[in-house]
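A structural walkthrough
Each chain, written out:
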Amino acid sequence: METTAVKKYTFKDFASDQEVRWCPGCDDYVILRAMQKALPEMGVKKEDVVFISGIGCSSRFPYYMNTYGMHSIHGRAPGIASGVKLANPDLSVWIITGDGDAMAIGGNHFIHVLRRNIDLNIILFNNEIYGLTKGQFSPTSLVGQKTKSSPYGNTQPPFSPGELALGAQARFFARIGGNTPKDMTQLFIEAEKFKGTSLIEVLQNCVIFNDGCFKNVTDKAVKEDKQIYLEHGKPMIFGKEKNKGLILNGLKLEVVTIGENGITQEDILVHNAKEQDPTLHQMLVRLEYPLATGIIRSYEDVTLEERENALTAQVKANSKFKKTESLFFSGDTYEVK
Amino acid sequence: MIKTTTTKPKPEVLEAVIIRFVGDSGDGMQLTGTQFSDTSAMFGNDIATFPNYPAEIRAPQGSLYGVSGFQVHIGSVEISTPGDKVDLLVAMNPAGLKTNLHAVKPGHTIIVDTDAFTKKNLEKALYDKNPLEDGSLENYRVIQVAMSSLTKEALKDIKGLDNKSITRSKNMFALGMVYWMYHRSVSHTTDFFNKKFKSKPQIIEANTKVLNAGYYFAETLELIPNSYTISPAKMAPGTYRIIMGNTATAWGFLAAAEKSGLELFLGSYPITPATDILHELVKHKHFGVKAFQAEDEIAGISSAIGASFAGDLAITTTSGPGLALKGEALGLAMMIELPLVIVNVQRGGPSTGLPTKTEQSDLLQALYGRNGESPVIVIAASTPANCFNYAYQAAKLALEHMTPVVLLTDGYIANGSAPWKIKTVDDMPAIKNNIINKPTENWHPYNRDEGTLARNWAIPGTPGLEHRVGGLEKDKISGNVSYVPENHEYMTKIRAEKVKRVQNYIPYLETEFAETGDLLVIGWGGTYGSLYSAVKQLNEEGYKNIGFAHFNYINPLPKNTEEILSKFKKFIVCELNNGQFSKVLKINFSRFEFNQFNKIQGLPFGNQELIEKFKQLVK
Ligand SMILES: Cc1ncc(C[n+]2csc(CCOP(=O)(O)OP(=O)(O)O)c2C)c(N)n1
Ligand code: SF4
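Residues numbered from 1 in each chain as written. Chains lettered and ligands numbered in written order. Predicted model: local features only at pLDDT ≥ 70, side-chain atom pairs only at ≥ 80, totals over all residues. Heavy atoms only, no water.

Moving on, we get to the overall build of chain A. If you tally the helices and strands in chain A, you get 11 helices and 12 strands. Relative to its 337 residues, chain A shows a buried fraction of 56%. For chain A, the share of sequence-separated contacts (at least 6 apart) that also reach a separation of at least 24 residues comes to 65%. Counting every atom, chain A has about 15,000 Å² of accessible surface; 52% of that belongs to carbon and sulfur. Within chain A, the 40 negative side-chain charges are centred at a point lying 3 Å from the centre of the 39 positive side-chain charges. (Helix = DSSP H or I, 4+ residues; strand = E, 2+ residues; numbered from the N terminus. Buried < 20%, exposed > 50% of the residue type's maximum accessible area, 1.4 Å probe, protein only. Contact = heavy atoms within 4.5 Å. Areas by Shrake-Rupley, 256 points an atom, 1.4 Å probe, with all protein chains shown as cover. Lys, Arg positive; Asp, Glu negative; His and termini not counted. Charge placed at Lys NZ, Arg CZ, Asp CG, Glu CD.)

Glancing now at the overall build of chain B. Broken down by element type, chain B carries 20 helices and 25 strands. For chain B, whose C-alpha radius of gyration is 27 Å, the value lies close to the compact-globule estimate of 25 Å for 619 residues. With the C-alpha coordinates aligned to their principal axes, the bounding extent of chain B is approximately 90 × 60 × 45 Å. With 619 residues in all, chain B has 62% of them scored as buried. Sequence separation of at least 24 residues holds for 77% of the intrachain contacts in chain B that already meet a minimum separation of 6. Summed over its atoms, the accessible surface of chain B is roughly 24,300 Å², and 51% of this surface lies on carbon and sulfur atoms. With 63 positive and 62 negative side-chain charges, chain B shows a spacing of 2 Å between the two charge centroids. (Rg over C-alpha atoms; globule rule 2.2 N^0.38 Å.)

Looking at ligand 2, the residues that line it are Trp22, Cys23, Cys26, Cys57, Asn127, Gln204, Cys206, Val207, Ile208 and Phe209 of chain A. Across the shell around ligand 2, the residue classes break down as eight nonpolar, two polar and no charged. (Near = heavy atom within 4 Å. Nonpolar A, V, L, I, M, F, W, Y, C, P; charged D, E, K, R; others polar.)

Let us now look at the nonpolar core. Among the nonpolar cores identified, the biggest contains 167 residues, and Ile52 and Met70 of chain A together with Ile305, Ile522 and Phe581 of chain B are the most heavily contacted of them. No other element matches the 10 residues that helix H14 (residues 387–401) of chain B contributes to this core. Leu161, Met172, Val178 and Trp180 of chain B belong to the second-largest nonpolar core, a separate cluster that totals 51 residues. (Core = buried A, V, L, I, M, F, W, Y, C linked by side-chain atoms within 4.5 Å.)

Next up on the list: the interface of chain A and chain B. Interfaces are often described in size by the accessible area the parts lose on coming together. Across the boundary between the two partners, chain A contributes 55 residues, which contact 68 residues of chain B. Carbon and sulfur atoms supply 62% of the area buried between chain A and chain B, which totals about 5,200 Å² over both sides. Among the residues chain A hides against chain B, the three largest losses belong to Tyr68, Phe328 and Tyr334 of chain A. Together they make up 17% of the total. Where chain A touches chain B, the interface holds three salt bridges. (Buried area = accessible area lost by both parts, 1.4 Å probe. Salt bridge = Lys/Arg side-chain N within 4 Å of Asp/Glu carboxyl O.)

Moving on, we come to the pattern of salt bridges. Residue and element names in this part refer to chain B. Applying the stated rule across the entire model yields 28 salt bridges over all chains. A salt bridge links Lys498 to Glu337, with the shortest nitrogen-to-oxygen separation between them at 2.9 Å. Here Glu337 lies in the loop between helix H12 (320–336) and strand E13 (340–346) and Lys498 lies in helix H16 (residues 485–500), a separation of 161 residues in the sequence. Each member of the pair, Lys498 as well as Glu337, is classed as buried. A single network of salt bridges, built from pairs that share partners, joins Glu263, Lys290 and Asp312.

With that settled, the discussion passes to the sheet that holds strand E9 (residues 244–249) of chain A. Residues and elements named next belong to chain A. Overall, antiparallel pairing links the three strands, which are arranged E8-E9-E10 in an open sheet. Of all strands in the sheet, those bounded by a partner on one side alone are strand E8 (237–238) and strand E10 (252–257). In the sheet, E8 pairs with E9 via two bridges, with the strands oriented antiparallel. Looking at E9, one finds that Ile237 is bridged to Gly245. (Pairing = 2+ DSSP bridges.)

Turning our eyes to something else, we now look at the sheet that holds strand E11 (residues 290–293) of chain B. Residue and element names in this part refer to chain B. Spatially, seven strands are ordered E11-E10-E12-E13-E15-E14-E23 in an open sheet, and the strand pairing comes out mixed. Both edges of this open sheet fall to E11 and strand E23 (553–555), since each of them pairs with a single strand only. Adjacent strand axes in the sheet meet at a mean angle of 20° when their direction is disregarded. Sheet analysis places E13 next to strand E15 (residues 404–410), joined by seven bridges and oriented parallel. Paired with Val343 across the strands is Leu407, a residue of E15. Contacts from helix H11 (residues 297–309) reach strand E10 (264–268), E11, strand E12 (313–318) and E13 within the one sheet, and its direction differs from that of E12 by about 170°. (Axes fitted to C-alpha atoms, helices over the stretch in contact; angles between N-to-C directions.)

Written out as structure tokens, the structure reads:
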């Protein structure tokens, strides 16, 4: 990468000339704008940014960004993005995907990209429904949820994206409500800074097919009481009054009230996102009340491209082959006169 | 019984000979065969080899399905196939004899290890009686040698050698005998031992001893009345090596990457018989090769598409079922018009079919196995050595025409080996690419080259060329999503026209043996050697009216195909499938009547069956 100073961009530099065609009121607009605002803060050059998506409403995203991009095929963005990044590690590569795209058809690729830890960023638009195909249940839909393909209620138990991701060795996992643009912008910036695969799950409202699916936790009125926004190094405190907190009771997280039953601020767990052991992160991911948002895990580890580069340098240094010719003429060759 | 001959008889000179080594999968038959063929190649013979091993990794010892074989055809004349019927069979056990006897020419020689013909081994090979005793081998010259005991005897003075190493080296006894019979020096093999077992002097000594013991045993044995020699072949001067098709394919890509100045990216998932291309390319990190073993075929091709988008020479390798999985992504690559090479080393199908056997039945899948109007370039290599050229050519066409190219090879040429006159990158034609480095006035991602119709290749990281591609139909110029009906029709046609125009950049079809005549033998891909040698033999017998046309370019077909066809009266299209290429010809050249010769046994064509068929058509 050239080290010339990066031009100062505004969000307008990242908006393409294409008309955005999501349903009015869809959270996808919020995510798009948050990204357009985050990018100028990242210090990356516009030409070095690549968005790769699969298929679904969310996957139309790259068309709306004035960067390099590819709207690819259903579920395969992780493979394509991995190829982009391995071919040119200087690029800032983003995967845009939905719950169906990432966890149904692309499930295999989703777990493997996390396992490998290539320096990519994944934004998972989770609306617990298939939007583009008009409302079938997805792998995150709830049991009993009535959809076009489950008129009597869904019988397939759901994945929790965070649990699945941590099980697949995700080093960075964050969760954020689709109606929280400021925090979202900040998370995108953090994800870009993080060296390794980062995954951000956005709880995205689909106004058409699953309206209000997260409203119990994301509505302005209840948000502070129902969510805990985690920050590394800070105590796990939440609530309108900032008086609720999390402690560890045996093998379970427990909600306590500061000032009740002798609980003081000192008793509250301090969030360590950078801990290698994912046990507590798993517990936080599973917690239903309060719902954990913010960066839950952020453990920096060797990336795949670092491993590959080191190996390549070592092989190159020890190799007697400099050009293909030296390989072709090596070993058992013979002359015909 | 063994008598020392005092005067060495003069070896009888032969033009060519076909030898097959067979034994249990643990008997080292592949090594034995390779040593013999390498020695013969270095002596100056033309050669063709074919290994044939069981699909099971470790089949039970002595079982019929655990037989491993290696066939080698050497000659002072041009050799184009490993041959079908053999002049000499070396069978290390009853199972090997039983499964390969049918291939021995009557009156010809079989060498057996009598020590292996035990009651137990005979039972495992489902023999009721010992074939060495019941007269059933009357029509052959059987040389019975107690190889295991003679090996033991030869090694009795080497201290501390374990039993396993002793039994293992009996294949070298057989090799020694064959070296004497065909007047070959053992030195290439002893050099090989010295290199391979550098740190194990005992193993070097043991193998060398057994090899020589076999050699001298044959020399002094009355049972082998004479030795033969095959003079060096007339081959173009130069430096040669023996190369396997899969290695040649991998190396063709290395050369193309070097010539084009791009880095090579391979995204792949293991499948027989394509895996060796992956095995070869992962070794070459020193050339900057990025080889990515993905979680499945879909991720394999997807990663290659990503790498191509980012400016690498991207390839993906697979075999039939893998190509089926890659179909959707291949359609995407075609739609977004990026360079990409997909190698399909064909095997017997459908489904998992016959994984270790050869077939040509993925042709229609390569041409049409995708949704929508989805033309791609399809080319096929035809010999182990020319896999190098066609891999190179596939990369060149993909880069110059901005399109996916399917390169078809098959198990037969991919595993077979032959001499390759080494080519350097300087020997290969130039490769242009369509990368653009800065925006021109009015730049659009779908601007096309007037000649090739290739679009320009704008790579992430280039300022001013930011753009989006995708699988949705796109406007003919801007590349933005467009569902305008006329635009879709236009784009469908221009994508087809782009592939059609490749005709202007590929060689004309040529016929061999006759330019006009009564019969044109038509083939494509890996059957070249079999068809060529059959037509050649007929030509030598006086059938001067039979021509041979072999296709390496299938989509598009060479420009002069119709003209070539119009010079012959009858046609026979020979394929290892149920008639796929003949369908293609019928669609394109409906005024001709195409006869078919199809074999669907997982086996290559035999010489005799072709010759009989061709004779019927010209009588
Ligand atoms: C191979 C393939 N199968 C099915 C489809 C149809 N399809 C398009 S989008 C989609 C579901 C997308 O759901 P999700 O990822 O949740 O995205 P959303 O539309 O909700 O953003 C499906 C099944 C397709 N395009 N390709
Ligand atoms: S269908 Fe749902 S997810 Fe898709 S654009 Fe409309 S609101 Fe958004």
